[in-house]
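Breakdown of the fold
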Amino acid sequence: MSQSYNRGLVEDFGRWKEFSAGMWAWIFHKFTGWILIGYLFTHISVLSTSLGAAGNEAAIMNEADIYTTTLQGLESLFLIRLLEIGLLAVAVFHILNGLRLLMVDLGVGLEAQDKSFYASLVLTGAITVASVPTFLTGVGL
Amino acid sequence: MSTQQAEPDTQEAPEDPAMKGAESPAAEKQKGGDMVDERDESQAEFDGETVHIKVFRYDPEVAEKQEPRFDDFHVPFEKGMTVLDSVMYARDEYDSSLTFRHSCRQAVCGSDAFFVNGKQRLGCKTQISDLEQPIRIEPLPHQEVVKDLVVDMDHFYDQMHAVEPYFKSEDTPDASKLEEQRQSRENREKVKMSTRCIWCASCMSSCNIAAGDNEYLGPAAINKAYKFAMDDREEEDIKEHRLRILEQEHGVWRCQTQFSCTEVCPKDIPLTEHIQELKREAVKKNLKFW
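All values reported here derive from a predicted model rather than from experimental measurement.

Reading the values: the criteria
Residues numbered from 1 in each chain as written. Chains lettered and ligands numbered in written order. Predicted model: local features only at pLDDT ≥ 70, side-chain atom pairs only at ≥ 80, totals over all residues. Domains from an automatic or database assignment. Contact = placed C-beta atoms within 7 Å. Helix = DSSP H or I, 4+ residues; strand = E, 2+ residues; numbered from the N terminus. Nonpolar A, V, L, I, M, F, W, Y, C, P; charged D, E, K, R; others polar. pLDDT = per-residue confidence, 0-100. Pairing = 2+ DSSP bridges. Axes fitted to C-alpha atoms, helices over the stretch in contact; angles between N-to-C directions. UniProt positions renumbered as here; feature names shortened; annotations may be inferred. Buried ≥ 20, exposed ≤ 12 C-beta atoms within 10 Å, placed from the backbone. Parallel < 35°, antiparallel > 145°, perpendicular 65-115°, else oblique. Left-handed = near helix turned anticlockwise from the far one by under 90°.

All names here are of chain B. Partitioning chain B into structural domains gives domain 1 (2–151) and domain 2 (154–286). The partner domain 2 presents 11 residues to the 14 residues of domain 1 that form the contact. Looking at the side of domain 1 that touches domain 2, the element that brings in the most residues is strand E4 (residues 119–122), giving four residues. Here the residues of the side of domain 1 that touches domain 2 sort into seven nonpolar, four polar and three charged.

Glancing now at the confidence of the model for chain B. All names here are of chain B. The share of residues in chain B with pLDDT of 70 or more is 83%, and the mean pLDDT across the chain is 83. Note that residues 1–41 has pLDDT below 50 and, in this model, 38 contacts with residues that lie over four places away or in other chains. For this predicted complex, the interface confidence comes out at an ipTM of 0.81, alongside a pTM of 0.80.

Moving on, we get to the sheet that holds strand E1 (residues 50–57) of chain B. All names here are of chain B. Taken in spatial order, the five strands line up as E2-E1-E5-E3-E4 in an open sheet, and their pairing is mixed. The two strands at the open ends of the sheet, each matched to only one other strand, are strand E2 (69–76) and E4. On average, each strand axis in the sheet is tilted by 35 degrees relative to the strand beside it, whichever way the strands run. Here helix H5 (residues 83–93) sits on the sheet and contacts E1, E2, strand E3 (113–116) and strand E5 (135–138); the angle it forms with E1, its principal contact strand, is near 75 degrees.

All names here are of chain A. The UniProt record annotates "transmembrane region" (unreviewed entry) at residues 21–41, 78–96 and 117–136. For residues 21–41, the end-to-end C-alpha separation is 31 Å, with 100% helix and 0% strand making up the annotated structure. The span residues 78–96 shows a helical share of 100% and a strand share of 0%, and its end C-alpha atoms are spaced 27 Å apart.

Looking now at the pairing of E3(B). Residues and elements named next belong to chain B. Every second residue of E3 is oriented toward a common face, with Ala113 and Phe115 on one face and Phe114 and Val116 on the other, all of them buried. Sheet topology places E3 next to E4; four bridges connect them, and they run antiparallel. Looking across to E4, one finds that alanine 113 is bridged to leucine 122. Hairpin connection of E3 to E4: two residues between the antiparallel strands, including asparagine 117 at a positive phi of 45 degrees. With two bridges connecting them, E3 and E5 associate as antiparallel partners. Residue pairing in the sheet places valine 116 in a bridge with isoleucine 137 of E5.

Each side of the interface is counted separately: chain B has 26 residues, and chain A has 21 residues. Of all the secondary-structure elements, those providing two or more residues to the side of chain B that touches chain A are strand E6 (145–147), helix H9 (208–212), helix H12 (260–264) and helix H13 (271–286) of chain B. Among the elements that line the side of chain B that touches chain A, the one with the most residues is H13(B), at five residues. A class-by-class count of the residues in the side of chain B that touches chain A yields nine nonpolar, nine polar and eight charged.

Moving on to the UniProt feature "domain: Succinate dehydogenase/fumarate reductase N-terminal" (unreviewed entry) in chain B. If you check UniProt for "domain: Succinate dehydogenase/fumarate reductase N-terminal" (unreviewed entry), the listed places come out as residues 52–157 of chain B in our numbering. Helix makes up 14% of residues 52–157 of chain B and strand 29%. Its end C-alpha atoms lie 33 Å apart.

On to the packing of helix H6 (residues 154–162) of chain B against helix H10 (residues 219–229) of chain B. Residues and elements named next belong to chain B. Remark: H6 packs on H10, axes separated minimally by 8 Å, with the N-to-C direction vectors making an angle of 25 degrees. In terms of their interaxial angle, H6 and H10 are classed as roughly parallel. For the crossing formed where H6 meets H10, the hand is right-handed. Of the residues in H10, those touching H6 at Gln159, Met160 and Ala162 are Ala220, Ala221 and Lys224. Of the residues in the contact of H6 with H10, the class split is four nonpolar, one polar and one charged.

So, in structure tokens, the structure goes:
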């Protein structure tokens, strides 16, 4: 044996088609986790820069304060509405899969871990679809 | 090299089954007098179904094989044929340089774990009829390839030995009395599945975490540790010592419950379950309420 051959990382994500349920659950969980962290920081930056009218009762009553106008401006964008639906989907999946992982950590129902992953996917889909009317009312394209 | 029949022509069995006889006249001649009969026989076999396998080839010592490639073989199908049978046929009939480990052929020795159609499987336990063709047969991922389907297992064995995989009880019975150290039925039942491990390294190869963290003990070693940590006959402080090994940075906590190992284990050991149980044991050991 003079040398050996290292195939590098090709067996990892290059073979995504062959991943099983548990692997997909792990990938989605990481992915949604990172999105939620990203959202958290955007959320903080939007809110903290929109607080200019704090204390100005009159402006708030007239809905003319920075906070209200910022949010109204954002909510009038179709893209933002779509992103909200996406955010809901991401958060719901992360919560449901988090519960699944909690059960896994407690050693409950490990033999059904693939089914619980599919269940959390289906539930996420259902909740997301059901939320569409709520998120898309009163917005023009 | 020339004696190994490794020229590109003879490595590939022909697509057309009828051409088999014409394909390797040299080999046929070597067989001598009863050549005609054998030829008829193999002809008859080839009139039936054939199996198309694509086998990973690599050999740093042979010029043509230094660049890894796949070789196609068409082997006659037989009822009950396994992946190991097909590569053995390819080696015996087409290319004697085709290299792979195998021994018992009944899923006990654990030497013929391959990466078959994108999944770690035991060659001798995988039915050809369960697979989609062409069947891709590769060496186990995440282990360096030594030659063809043979991978370097040293790292895997190191990890297995790292968990001190042997029974050690402080009060061994008096040898003169020839007493046995009996295990209760319940306790035996608890560790039963973990004892099934055949050290084939399928789990280690399937583990995404083990691939990224070379020091991670891996599912097989943790399972091995589980067998002893859960054994009632060992004293409490020995169990604690075992948990100390397992709860280290590259121990049980590396597991991110992807279930890949449990998915591929040819002996159906609930590896993730065992790892999770050891995680809980490790937490319980460290929790103190005062």
